[in-house]
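# What the coordinates show
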Amino acid sequence: MKVQNWILTALIFFFTLSSATAQSNSGDFMRSMGKMYVVVAVIVAVFMGIVLFLVFLDRRLTKIENQIKDHG
Amino acid sequence: MDRLIKKNWWKALGVLILLYVFVMGMLVPLKPGITQVTPSATRTNSQIVLDVQGYNTHFDEAKDTMRIWIKMDDEYILAATRITVKGPTQVEAAFEIPAYLPSDRRVQDFALVIDNHIDGAAVRPNALLVTQDSIDLAMGQTVWRSDRMENLHQLKGITFPFRNILGETIRNTYFHVSLWLAMMIIFTASMVYSIKYLRKQERRFDHWAAALTTVGLLLGGLGLLTGAIWAEYTWGKFWSWDIKQFTTLIALLIYFAYFVLRRSFPDEAQQARISAVYNIFAFVALIPLIYVLPRLTDSLHPGNGGNPAFGSEDLDSTMRMVFYPAVIGWTLLSCWIASLLYRTAVIEEHLWDEEPTHD
């Protein structure tokens, strides 16, 4: 658990740093569409992760309900 | 309702709608706009060079078709005498302010309008304040050059509005305002189930009321959080005890107390009955708290306290394309989560009771 926490912290730190440098490199005020696609991909990934978890919960509840129906 | 919870099509629909909202909400570009005009004040009878900064603009590519005006109203417009493009988002415009203004105010505000064939037309209201020491309305009208602002270019393609201070955060409309509307729908459904329970004491109505209230509270909490994050970068602070923030917090606390109330009654029938009554009261309190009170006094929040409503002017047809699906998507997703909570409550009841709830 402790090791996982450190790895997670390191990853977040790394990504924060790299995104900060990426901003200063582009230099102008125009939004670079390439980077925006990355943001969208991240949002979609997070969202699909949550949705897949909901699907898993849904399936688990269905299993329990079927067990109750069969065995009471 | 209960046949529906086993079906999957509406759950998938909610997910797909939200995916569309995320993609469109983030990828559609903002309309080119004007972020800064310096200097912002001058006097009559002067020559001034305004430094104008744009957003999402292409001034350098549109050098030949650049036109800039300062505009008092539809009748009194002054064109720039010289335009120097410094970069894609930087341009200088020289103006000759006459000795008198066609206005009887000491300080008159002007909007700045930019037009070119790539970016279309953009306006920044109150860009320039001109002070006139001697007011002579008649003289002002005579000496005004009366330039025309015609044939403004239309921007091709779908864009979201550009607003001062907001900038890209206008996209938060899809992720903050939509949560509140979805919450209203969910709380309405929860109240309906509470009323149903009071009329016919079926346990499942109580389970639904509790499940929907849980999800509604989740939506409201997220709405408050997203609002605070947005406020930090537009109002200056996460929490400013603004009336809308305050009354919404109270409304959510009232709903939170619903769960505390439930816990305090060990007898299930009593728990269900009292919490149903409380739930109805909580919803009735919601309306004046969130919609009426904030409009009665000063507020930073759009739509309240004298501010123009975010809905009419800023939610234009392009934003509506993403906003209404967002509300539907969040509502469907919330119903899915509520259905999972409901099914859990039914199973729990089966574990503890002699007579389980029949669907």
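Residues numbered from 1 in each chain as written. Chains lettered and ligands numbered in written order. Predicted model: local features only at pLDDT ≥ 70, side-chain atom pairs only at ≥ 80, totals over all residues.

### As for the sheet that holds strand β7 (residues 90-97) of chain B
Residues and elements named next belong to chain B.
- Spatial ordering of the open sheet is given by β1-β3-β7-β6, a layout of four strands whose pairing is antiparallel. Looking at the sheet topology across the chains shown, the edges are occupied by β1 (33-38) and β6 (82-87). Within the sheet, the average angular offset between the axes of one strand and its neighbour, ignoring direction, is 25 degrees.
- As judged from the eight bridges shared by strand β3 (residues 46-55) and β7, these two strands associate in the antiparallel manner. The residue of β7 that forms the bridge with Val52 is Val91. (Pairing = 2+ DSSP bridges. Helix = DSSP H or I, 4+ residues; strand = E, 2+ residues; numbered from the N terminus. Axes fitted to C-alpha atoms, helices over the stretch in contact; angles between N-to-C directions.)

### A word on the interface of chain A and chain B
- Contact with chain A, which involves 17 residues of that partner, is made by 19 residues of chain B.
- Residues that form the side of chain A that touches chain B fall into these classes: 14 nonpolar, no polar and three charged. (Contact = placed C-beta atoms within 7 Å. Nonpolar A, V, L, I, M, F, W, Y, C, P; charged D, E, K, R; others polar.)

### Focus: unusual backbone geometry
Residue and element names in this part refer to chain B.
- Here the bond from Thr38 into Pro39 is cis, since omega is -5 degrees, no more than 30 degrees from zero.
- Relative to the assigned elements, Pro39 resides in the loop between β1 and β2 (41-43).
- Here the phi dihedral of Asn126 falls at roughly 55 degrees; this positive angle occurs in a residue that is not glycine.
- Residue placement: Asn126 occurs in strand β9 (residues 120-131).
- The residue Ile165 is not glycine, and still its phi comes out positive at about 70 degrees.
- Tracing the backbone through its elements, the reader meets Ile165 in the loop between α2 (137-143) and α3 (172-199).
- A tally of 10 C-beta atoms within 10 Å means that Ile165 is categorised as exposed. (Buried ≥ 20, exposed ≤ 12 C-beta atoms within 10 Å, placed from the backbone.)

### A short note on the nonpolar core
Residue and element names in this part refer to chain B.
- By size, the foremost hydrophobic cluster in this structure holds 50 residues, and its most contacted members are Ile186, Ala209 and Leu212.
- Setting aside residues no more than four positions away along its own chain, Ala209 makes contact with Ser190, Tyr193, Ser194, Tyr197, Ala276 and Asn279.
- If you look at the next biggest cluster of nonpolar residues, it comprises 24 residues, including Trp69, Ala80, Val91 and Ala122. (Core = buried A, V, L, I, M, F, W, Y, C linked by C-beta atoms within 7 Å.)

### A closer look at the domain arrangement of chain B
- Each assigned domain of chain B is listed here: domain 1 (4-27 + 166-352) and domain 2 (33-143).
- Computed from C-alpha coordinates alone, the two centres of domain 1 of chain B and domain 2 of chain B are separated by 45 Å. (Domains from an automatic or database assignment.)

### Some remarks on the packing of helix α4 (residues 203-234) of chain B against helix α5 (residues 243-263) of chain B
Residues and elements named next belong to chain B.
- Remark: α4 packs on α5, axes separated minimally by 10 Å, with the N-to-C direction vectors making an angle of 150 degrees. By the angle between their axes, α4 is roughly antiparallel relative to α5. As α4 packs across α5, the resulting crossing turns out to be left-handed. On the side of α4, the interface is formed by Ala210, Thr213, Gly216, Leu217, Gly220, Gly221, Leu224 and Gly227, while α5 contributes Gln245, Thr248, Leu249, Leu252, Tyr255, Phe256, Tyr258 and Arg262.
- Tallied by class, the residues present in the contact of α4 with α5 amount to eight nonpolar, seven polar and one charged. (Parallel < 35°, antiparallel > 145°, perpendicular 65-115°, else oblique. Left-handed = near helix turned anticlockwise from the far one by under 90°.)

### Digging into the sheet that holds β2(B)
Residue and element names in this part refer to chain B.
- Here we have five strands laid out as an open sheet, ordered β2-β9-β8-β4-β5, and mixed in their pairing. Strand pairing shows two members of the sheet lacking a second neighbour, β2 and β5 (77-79), which therefore form its edges. The mean inter-strand angle of the sheet, taken between neighbouring strand axes irrespective of direction, is 35 degrees.
- Relative to β9, β2 runs parallel, the two sharing three bridges. Residue pairing across strands places Thr42 opposite Val130, the latter belonging to β9.

### Details of helix α6 (residues 268-296) of chain B
All names here are of chain B.
- Helix length check: α6 (29 residues) gives 41 Å between terminal C-alpha atoms against 42 Å at 1.5 Å per residue, within 8%.
- The largest bend in α6 is about 30 degrees, located at Leu289.
- Listing the buried residues of α6 in full gives Ala272, Ser275, Ala276, Asn279, Ala282, Phe283, Leu286, Leu289, Ile290 and Pro294.
- Turning to α6, the residues buried within the fold contact α3, α4 and α5. (Expected span 1.5 Å × (residues − 1). Bend = angle between axes of the 7 residues up to and from the residue.)

### Quick look at the environment of Tyr324(B)
- Checked against the element boundaries, Tyr324(B) lands in helix α8 (residues 317-352).
- Separated by 303 residues in the primary sequence, Tyr324(B) and Val21(B) place their C-alpha atoms 9.4 Å from one another.

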